[in-house]
Amino acid sequence: MNSINQAKFQYQSIEDILKDIKDVKIQGATNVAIATFEGIKLYLQNTGSELDSDIFEKAMSVGNKLAFARPNEPLAQNGLKYINYFFKVKYRSPKESQEIKQVLINLCDEYLNIIKSSKVSLVEKNLDMFKDIRNVFTHCHSSAAEKLITEISKGKEGFKVVCTETRPLFQGRITASNLLEKGLDTTMIADSAAETYIIGKAGFPIEAVFVGADEITVHGDFVNKVGSWGISLAAYYASIPVYVVTPLLKVNPESAYSAVQIEIREANELWPDAPHDLKLFNPAFDFVNRQFVTGYLTEFGLIKPEDVIKTLRENYEWVF
Ligand code: RUB
């Protein structure tokens, strides 16, 4: 599965959603967040007329299970804070279980709408900056980066995209297939060819790198698919701008106090029938230092790494 269609959310059980998040069949931070809040709604809708008094706690426990199935998912995790905060502030903690159920469903829908409208706004707010750009580079599959690249390409003769394979799970194939389906001139390269390509020693010259993010720190660093650090370093070396296309709600407020833990995935993703004594190490993501980031392209326009925390406080104070 490469995208979650909210209107046709097909899952019948929380266990199936959980399994697909863990197996990366539900892929990308935005889709994980959508699956989390559709999952909470599914749980609530499946509860019968005999509702428990602890329906709030049970729904939040389902949300926790899904939002923390993979560690680097603040977009989903911040949504639980949204529900917790506005349940008390906006809906004044209803006591009757039918009302609790309805309020929780409303809050899930509100958060799903925030995600959806952030993605629309991040295109509207940033598109004009890229009028003259024709050759771009992307990595992995980010629904946000894909959306912006597609919009930038519109009406431009000779617009070209280079994407990576993105081993070990080949999420770059999702990007490549989606871009091709939209009619974009797309070239795929092996991950290990990325840096050489970016610094201009192969293929056509790259004008800008667009990647997504799984997590952003309060200091303006970001976490994205493994390979992102080398790509960003190469772009920095070659003076090519690196844009991180993302809703601001991917900032992890806890990163003010503790180091970001990178998800380490199963070794068999690297080599299913590897020799018995071979040690395999399979980190899912890279931590990319803010010095490599030209800007975050968000629903509030371009934000410099040093302004991430200020903009988050101004717009989403409830995450703290
Ligand atoms: C996906 C990945 C994506 C971000 C952003 O990793 O690194 O770039 O999640 O995606 P994985 P989006 O395939 O391991 O989930 O812009 O769709 O939120």
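Residues numbered from 1 in each chain as written. Predicted model: local features only at pLDDT ≥ 70, side-chain atom pairs only at ≥ 80, totals over all residues. Heavy atoms only, no water.

Concerning the overall build of the chain
Let me state the cut-off plainly: The way it works is that DSSP assigns letters per residue, a run of H or I at least four long becomes a helix, a run of E at least two long becomes a strand, and they are numbered from the N terminus. For every residue, the accessible area obtained with a 1.4 Å probe (protein chains only) is divided by the maximum for its type, and the residue is called buried under 20%, exposed over 50%, and partly exposed between those limits. In what follows, a contact means two residues having at least one pair of non-hydrogen atoms within 4.5 Å. When charges are counted, Lys and Arg are positive and Asp and Glu negative, with His and the chain ends excluded. Note that the charge is assigned to NZ on lysines, CZ on arginines, CG on aspartates and CD on glutamates.
For the chain, the helix and strand inventory stands at 10 helices and 11 strands. Counting over 320 residues, the chain shows a buried share of 55%. Partitioning the intrachain contacts of the chain with sequence separation of at least 6 by distance along the chain shows that 74% fall at a separation of at least 24. The distance from the centre of the 35 positive side-chain charges to the centre of the 41 negative ones in the chain is 2 Å.

Notes on the site of the ligand
Note the threshold: Put simply, a residue is near a molecule or strand once any heavy atom of it comes within 4 Å of that molecule or strand. Residues adjacent in sequence count toward polar contacts only when both atoms are side-chain atoms; beyond that, a polar contact is any pair of N or O atoms within 3.5 Å, and within protein one must be able to donate a hydrogen and the other to accept it. Only the protein chains shown count as covering a residue, and every accessible area follows the Shrake-Rupley method with a 1.4 Å probe. For this classification, Asp, Glu, Lys and Arg are treated as charged, while Ala, Val, Leu, Ile, Met, Phe, Trp, Tyr, Cys and Pro are nonpolar and the rest, including Gly, are polar. These domain boundaries are the output of an automatic or database domain assignment.
Near the ligand lie 18 residues; those nearest to it are Thr30, Ser143, Asp214, Lys225 and Lys250. In the environment of the ligand, an oxygen atom lies 2.8 Å from a nitrogen or oxygen atom belonging to the side chain of Gln171. At 2.7 Å, a side-chain N or O of Lys250 approaches an oxygen atom of the ligand. In isolation the ligand has 460 Å² of accessible area, and contact with the protein removes 100% of it. Elements with a contribution of two residues or more to the shell around the ligand: α2 (29–46), α6 (143–153) and β6 (222–225). Per-class residue counts for the shell around the ligand are 6 nonpolar, 8 polar and 4 charged. Residue contributions to the shell around the ligand reach at least three from each of two domains, namely domain 1 (6–121) and domain 2 (131–319).

Some words on the sheet that holds strand β5 (residues 215–217)
Selection criterion: Two strands are said to pair when DSSP picks up at least two bridges between them.
Sheet architecture is open: 4 strands sit in the order β8-β5-β6-β9, paired in mixed fashion. The open sheet terminates on both sides in strands that have one partner only, identified here as β8 (251–252) and β9 (285–288). In the sheet, β5 pairs with β6 via 2 bridges, with the strands oriented antiparallel. The residue bridging Glu215 from the neighbouring strand is Val223, located in β6.

Notes on the domain arrangement of the chain
Where interface size is quoted, it is often the accessible area lost as the parts come together. Heads up, the rule is: A simple way to read buried area is as the amount of 1.4 Å-probe accessible surface that goes missing from two parts once joined, with both sides added. Throughout this description, the term salt bridge denotes a Lys or Arg side-chain nitrogen within 4 Å of a carboxyl oxygen of Asp or Glu.
Split by domain assignment, the chain resolves into domain 1 (6–121) and domain 2 (131–319). Spacing between the C-alpha centres of domain 1 and domain 2 amounts to 26 Å. At the interface, 23 residues of domain 1 touch 31 residues of domain 2. A buried area of about 2200 Å², summed over both sides, lies between domain 1 and domain 2, and 57% of it is on carbon and sulfur atoms. Interface area lost by domain 1 to domain 2 is led by Gln27, Asn72 and Lys119, which between them contribute 27%. Inspection of the domain 1/domain 2 interface yields 2 salt bridges.

Overview of helix α3 (residues 55–67)
For clarity, the threshold we go by: For a helix, the expected span equals 1.5 Å multiplied by the residue count minus one. Comment: arc refers to directions from the helix axis out to C-beta atoms.
Taking 1.5 Å per residue as the helical rise, α3 with its 13 residues ought to reach 18 Å, and the 18 Å between its terminal C-alpha atoms agrees with that figure. Of all the residues in α3, the buried ones are Ile55, Phe56, Ala59, Met60, Val62, Gly63, Leu66 and Ala67. Buried positions in α3, seen along its axis, are confined to an arc of 155° and lie on one side of it. Buried residues in α3 make contact with α1 (14–22), α2, α4 (74–89) and α5 (97–126).

Describing a nonpolar patch on the surface
This is how it is decided: Candidates for patches are residues over 30% relative accessible area with no salt bridge; among them, like charges are joined within 9 Å and nonpolar side chains (Val, Leu, Ile, Met, Phe, Trp, Tyr) within 5 Å.
A surface patch of nonpolar side chains, about 340 Å² in accessible area, is lined by Leu270, Trp271, Leu278 and Leu280. Structurally, Leu278 is set in the loop between β8 and β9. Overall, Leu278 belongs to the partly exposed group, its relative accessible area being 41%.

Digging into the packing of α1 against α2
What counts, and what does not: Fitting a line to C-alpha atoms yields each axis, with helices limited to the stretch in contact; the angle taken between N-to-C directions then spans 0 to 180 degrees. Roughly parallel means an angle under 35 degrees; roughly antiparallel means over 145; roughly perpendicular covers 65 to 115; every other angle is labelled oblique.
Two numbers describe how α1 lies on α2: the axes approach to 10 Å, and their chain directions differ by 170°. What the angle tells us is that α1 and α2 run roughly antiparallel. Side by side, α1 and α2 meet where Ile14, Ile17 and Ile21 of the first sit next to Val32, Ala35, Gly39, Leu42 and Tyr43 of the second. Here the residues of the contact of α1 with α2 sort into 7 nonpolar, 1 polar and no charged.

Observations concerning the sheet that holds strand β2 (residues 160–164)
Judged by pairing direction, the sheet is mixed, and its 7 strands sit side by side in the order β3-β2-β1-β4-β7-β10-β11 without closing on themselves. The two strands at the open ends of the sheet, each matched to only one other strand, are β3 (185–189) and β11 (301–303). For this sheet, the mean angle separating the axes of adjacent strands, direction not counted, is 30°.

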